[in-house]
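# Fold and geometry: a report
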Amino acid sequence: MSAPVQIESVTYSYKTAVSERKVLNDVSLRIEPGEIVILTGPSGSGKTTLITLIGALRSAQEGSVQVLGHELRDAGEKEMTRVRRQIGYIFQQHNLLDSLTVAENVMMSLQLCDEKLSSAEQRQRVVEVLSQVGLEEHVDKYPRALSGGQKQRAGIARALVTRPTLILADEPTASLDKESGRTVVELIQALCQEQGASVVLVTHDNRILDVADRILHLEDGEIQSISEAVSANTSQMLRLLDRHDPQASLYLSAFSLALTRVAMADNTIDDTERDMIRTVLNQSSDLGQGEVDLVMELAMSQVRCKSAINGQAHSIFSEEQARHFIDSMHAVAAADGETSPEELAEIRKIAEELGFPVPS
Ligand SMILES: Nc1ncnc2c1ncn2[C@@H]1O[C@H](COP(=O)(O)OP(=O)(O)OP(=O)(O)O)[C@@H](O)[C@H]1O
């Protein structure tokens, strides 16, 4: 099956009579069938612009935007409409019509699509999708009788009732509390898996990042992988903290290592322990959740590594790897122009701890 979305070297600028602002710069992206891609990035980085290009709601000025087998760059209105009808859109504002019942709102989406169903089949499909999103008891109510989370779920039902192979969601959890937000994304995830649909979801909500198969970060109109973005951000934050408050930085690292060692003492760490470590670290520092998570994950990998090796490195690593390990420690020690006696002593100590042949 070909990729539902394939974007090559797309550039997009907003132009006015007096100025031009480039918002996307040479963006390339491919989304596979059934893949859930989350798009993050600071405000104004171009996320909505990108998702509206994919959604055939605007046209790229340069590059190629292929969606569901159609090239949208320079496509006419007729072709754009045909593509739009095959896409499920979920917006931050659910955009339900107040004068129609929940079922009628969902039905409207079905009536606009190309699939021809009888009235009875339409009603059946609508009721089916509304029960999938947990609204079976609200089918004939008006939107004003629903809570924010329920309205958002009705919006999802409306996007999914046509069984689209591509779903575009722009900040679907922005107006919801933590629990409803979680329910809504898990619902999108489950229904998409069931229907094999691909999803592009724009969000600022870090709590839902785990539903993604892939996270892309837009910054200054360019796509970065999330690890690039997080590590650049974290390294900057940690260096800053180190410079301004070395004591706090040391405390946080030691604290995180200690908490992780305790949680992993029985060789397992479950979600409740993870959550507790995150909460404690968050409360004990001025760092953002992303930085705290990274410090925690680093501590975890250190503890994991230590318990896996536990003086048995010689049986885990090959002779060649051990040699490379020791040579690399020497290379790092010598990188500033000289290897100090303290550095040499440290190399010996590490080699000893790992069970490597101790260098002379
Ligand atoms: N119609 C427009 N005319 C001119 N400039 C626009 C227009 N729409 C968006 N912009 C500008 O383009 C940039 C990118 O906007 P976009 O909405 O794509 O960003 P975003 O990453 O979705 O932001 P947010 O997270 O705040 O929704 C912003 O600087 C915005 O002000």
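Since we're looking at a predicted model, the values are computed, not measured. Every chain begins its residue count from 1, and numbering advances along the sequence as written. Note on the predicted model: pLDDT of at least 70 is required for a residue's local features to be given, and 80 or more for side-chain atom pairs to be given and counted; whole-chain, interface and lining totals, by contrast, use all residues.

### Overview of the domain arrangement of the protein chain
Domain delimitation in this document rests on an assignment produced automatically or drawn from a domain database. The domain boundaries assigned to the protein chain delineate domain 1 (5-224) and domain 2 (226-354). The centre of domain 1, based on its C-alpha atoms, is set 40 Å off from the matching centre of domain 2. Contact criterion: two residues are in contact if their C-beta atoms, reconstructed from the backbone, are within 7 Å. At the interface, seven residues of domain 1 touch five residues of domain 2. Numbering of helices and strands starts at the N terminus; helices are DSSP runs of H or I of at least 4 residues and strands are runs of E of at least 2. Looking at the side of domain 1 that touches domain 2 element by element, the count peaks at four residues for strand 9 (residues 214-219). Split into classes, the residues belonging to the side of domain 1 that touches domain 2 amount to two nonpolar, four polar and one charged. Three categories are distinguished: nonpolar for Ala, Val, Leu, Ile, Met, Phe, Trp, Tyr, Cys and Pro, charged for Asp, Glu, Lys and Arg, and polar for the others, with Gly belonging to the last.

### Looking at helix 6 (residues 178-195)
Compared with an ideal rise of 1.5 Å per residue, which puts 18 residues at 26 Å, helix 6 spans 26 Å between its outermost C-alpha atoms and is within 8% of the ideal. Burial in this document is a count-based property: other C-beta atoms within 10 Å of a residue's C-beta are tallied, and the residue is buried at 20 or more, exposed at 12 or fewer, or partly exposed in between, with C-beta positions derived from the backbone. Here helix 6 has its buried residues at Gly181, Val184, Val185, Ile188, Leu191 and Cys192. All buried residues of helix 6 project into a common sector of 130° when viewed along the axis, lining one side. Opposite the packed face of helix 6, turned more than 90 degrees from it, sit the exposed residues Lys178, Glu179, Glu186, Gln193 and Glu194. Packing partners of the buried residues in helix 6 comprise strand 3 (36-40), helix 4 (119-132), helix 5 (148-160), strand 7 (166-170) and strand 8 (198-202). Two residues or fewer past helix 6, Gly196 is found with a positive phi of approximately 65°. Expected span of a helix, by definition, is 1.5 Å for each gap between consecutive residues, and there is one gap fewer than residues. In this description, the arc belongs to the directions extending from the helix axis to the C-beta atoms.

### Side note on the sheet that holds strand 4 (residues 62-67)
Only strands that DSSP links by at least two bridges are regarded as paired with each other. Ordered by their spatial adjacency, four strands build an open sheet running 2-1-4-5, and the pairing between neighbours is antiparallel. The strands lining the two open edges of the sheet, one partner per strand, are strand 2 (20-31) and strand 5 (70-71). As paired elements, strand 4 and strand 5 share two bridges and run antiparallel to each other. Residue pairing across strands places Val67 opposite His70, the latter belonging to strand 5.

### Focus on the site of the ligand
Every residue lining the ligand is accounted for by Tyr14, Arg21, Val23, Gly41, Ser43, Gly44, Ser45, Gly46, Lys47, Thr48 and Thr49. Elements with a contribution of two residues or more to the shell around the ligand: strand 2 and helix 1 (47-54). At three residues, the largest contribution of residues to the shell around the ligand is made by helix 1. Of the residues contributing to the shell around the ligand, the split by class is two nonpolar, seven polar and two charged. Put plainly, near means the residue's C-beta atom, positioned from the backbone, lies within 6 Å of the molecule or strand in question.

### Focus on the packing of helix 3 (residues 102-112) against helix 5
Between N-to-C directions, angles cover 0 to 180 degrees, with each direction set by a line fitted to C-alpha atoms, over the stretch in contact for helices. Put simply, helix 3 and helix 5 touch, their axes get as near as 8 Å, and they point 30° apart. Comparing their axes, helix 5 and helix 3 come out roughly parallel. Both helix 3 and helix 5 take part in a crossing whose hand is right-handed. Here helix 3 contributes Val102, Asn105, Val106 and Ser109 to the contact with helix 5, which in turn contributes Ala154, Ala157 and Arg158. Tallied by class, the residues present in the contact of helix 3 with helix 5 amount to four nonpolar, two polar and one charged. For classification purposes, angles smaller than 35 degrees are called roughly parallel, those larger than 145 roughly antiparallel, those between 65 and 115 roughly perpendicular, and all remaining angles oblique. Throughout, a crossing is termed right-handed when the near helix is turned clockwise from the far one, and left-handed when it is turned anticlockwise from it by less than a right angle.

### Observations regarding the packing of helix 7 (residues 226-244) against helix 10 (residues 289-309)
At their nearest, the axes of helix 7 and helix 10 sit 10 Å apart, and the two run at 90° to each other. The orientation of helix 7 relative to helix 10 falls into the category roughly perpendicular. On the side of helix 7, the interface is formed by Val230, Asn233, Thr234, Met237 and Leu238, while helix 10 contributes Gly290, Glu291 and Leu294. Class assignment for the residues of the contact of helix 7 with helix 10 results in four nonpolar, three polar and one charged.

### What to know about the UniProt feature "domain: ABC transporter" (unreviewed entry) in the protein chain
Using the residue numbers shown here, the UniProt feature "domain: ABC transporter" (unreviewed entry) corresponds to residues 5-245. Across residues 5-245, the secondary structure splits into 38% helix and 25% strand, with the terminal C-alpha atoms separated by 46 Å. UniProt positions are given in the numbering used here, feature names are shortened, and annotations may be inferred rather than shown by experiment.

### A word on the nonpolar core
Here, a nonpolar core denotes buried Ala, Val, Leu, Ile, Met, Phe, Trp, Tyr and Cys residues that are linked to one another through C-beta atoms within 7 Å. By size, the foremost hydrophobic cluster in this structure holds 56 residues, and its most contacted members are Val106, Leu130, Ala157, Ile167, Ile188 and Val199. With residues near it in sequence (within four places) discarded, Val199 still touches Ile36, Val37, Ile167, Ala169, Ile188 and Cys192. Residues Leu252, Leu259, Ala263 and Ile277 belong to the second largest nonpolar core, which totals 13 residues.

### Regarding the sheet that holds strand 7
Taken in spatial order, the six strands make up an open sheet running 6-7-8-3-9-10, and their pairing is mixed. The open sheet has two edge strands with one neighbour each: strand 6 (87-90) and strand 10 (222-225). Neighbour-to-neighbour, the strand axes of this sheet turn through a mean angle of 20°, independent of strand direction. Strand direction decides the pairing type here: strand 3 and strand 8, joined by four bridges, are parallel. Across the sheet, Ile38 pairs through a bridge with Leu201, a residue of strand 8. Helix-sheet contacts for helix 6 involve strand 3, strand 7 and strand 8, and the interaxial angle to strand 7 is about 170°.

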